[in-house]
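# A closer look at the structure
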Amino acid sequence: MTQTDLSSALGFNDRQTLSDIELGKRSVSPAELVKAAGLLGVDVGYFTDPLELAGEARFSWRQSADSADCLEAFEATAGRWIATYRHLGRMRGTPVNSSLTRVGLTIKSSFEDAGAEGDAIARALGLGDVPALTLASVLEEKHDTLVLFADTVAGVSGAACQFGPLNAIIINRGEAEGRRSFDMAHEVFHLATWHEMPPRHIEGDTRVSGNYRRVEQLADNFASGLLMPRQAVLDWIAGHPVPNDQAELPVWIKHAASHFHVSGQAFKWRLVGLGVLGKAAAGRVDDGLIRMECGNAPLPPLFSRRFMETLGWGIQEGQLSVRRAAEVVGTTLDELGDIFAAHGLKTPFDL
């Protein structure tokens, strides 16, 4: 829409008035704001509510389904979580400018280069010998990258989000532990390469081909290297030699995958990438035999401790009401109290 068209629709005599508004030289009256909201098909809160993203963020969703049904509404919900965290974080003085290291990869990089870069990032971040156990906390506490565990819509396993200088990762907490770890590492790749290789809005879109497909393959190889660093894997193998009997291999792979908190399939192909296992031998290992059982392991608490600490501060300081906080996270007041408790935090209101 041109300035002339919008000025006319808003009833201004000329487009200079609109230009002055855009440049901050003239305020908008309540009546003008309501008219603009109606004209543009949004609520007034789109312009005034600090807990709304208002189109400022970029998302990339890992979605297995071909359809984007329900994703638009869920993205708006997730956007409110991230906007709320940024708004309260700024008021509290919490860093909301992420410092995640960018990686030296391009669309022409080899899959081996991507794996090696993931390995290097694991060392640079100080993730230790089992990165899956420390990745989320290191991202939040040392690199100000928000990591939220959520109950997502069907088909969505996770997402990366850039909201100005704030990075965020959303993980479906209902996935198996190995899948959660891999998704998180995969999204780290996208956040670290967004400028060079922008990801698709929906990664699972069946229409994705060419360069976009290669970006996802690079991301998977990067995630493999990050979660299963070369030296850590070789050190583990030194103490747990690869069995010579092909029939014993699936049990051994599951044991190793459990140690690294990844899926059996991911560990199998990491062995191929490291030259420990040949492709032919890997192909003979039935993926059904190395599938990790979910069991009755408890789900990670909703959101994250840092997110809930910031939300609790906002409630205690009167920056948002308890009911608004519950509305933002999509729970009842009782459920909100339960989330604080699940993170070991004192509930900042009386139930």
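Residues numbered from 1 in each chain as written. Predicted model: local features only at pLDDT ≥ 70, side-chain atom pairs only at ≥ 80, totals over all residues. Heavy atoms only, no water.

## As for the overall build of the protein
Counting its secondary structure elements, the protein contains 16 helices and four strands. Structurally, the protein occupies a C-alpha span of about 85 × 50 × 35 Å along its principal axes. Sorting the 351 residues of the protein into buried and exposed places 49% on the buried side. Residue pairs in contact within the protein that sit at least 24 positions apart in sequence constitute 66% of those at least 6 positions apart. Separation between the mean location of the 33 positive side-chain charges and that of the 44 negative ones in the protein comes to 4 Å. (Helix = DSSP H or I, 4+ residues; strand = E, 2+ residues; numbered from the N terminus. Buried < 20%, exposed > 50% of the residue type's maximum accessible area, 1.4 Å probe, protein only. Contact = heavy atoms within 4.5 Å. Lys, Arg positive; Asp, Glu negative; His and termini not counted. Charge placed at Lys NZ, Arg CZ, Asp CG, Glu CD.)

## Regarding the packing of helix 14 (residues 305–316) against helix 16 (residues 333–342)
Their axes nearest at 10 Å, the elements helix 14 and helix 16 cross at an angle of 125 degrees. Between helix 14 and helix 16, the crossing angle belongs to the class labelled oblique. Seen from above, helix 14 lies across helix 16 with left-handed handedness. For the pair formed by helix 14 and helix 16, the contact residues are Met308, Leu311, Gly312 and Ile315 on the first element and Leu336, Ile339 and Phe340 on the second. (Axes fitted to C-alpha atoms, helices over the stretch in contact; angles between N-to-C directions. Parallel < 35°, antiparallel > 145°, perpendicular 65-115°, else oblique. Left-handed = near helix turned anticlockwise from the far one by under 90°.)

## Remarks on helix 11 (residues 249–260)
For helix 11, which comprises 12 residues, the first-to-last C-alpha distance of 17 Å matches the rise-based estimate of 16 Å (1.5 Å per residue) to within 8%. Remark: His261 follows helix 11 within two positions and exhibits a positive phi of approximately 60 degrees. (Expected span 1.5 Å × (residues − 1).)

## So, the sheet that holds strand 3 (residues 156–163)
Strand order in the open sheet formed by four strands is 1-3-4-2, and the pairing between neighbours is mixed. The open sheet has two edge strands, strand 1 (58–63) and strand 2 (146–150), and neither has a second partner. Strand-to-strand twist in this sheet, taken as the mean axis angle between neighbours without regard to direction, amounts to 15 degrees. Looking at chain direction, strand 3 and strand 4 (residues 166–172) are connected through six bridges and run antiparallel. Paired with Cys161 across the strands is Ala168, a residue of strand 4. (Pairing = 2+ DSSP bridges.)

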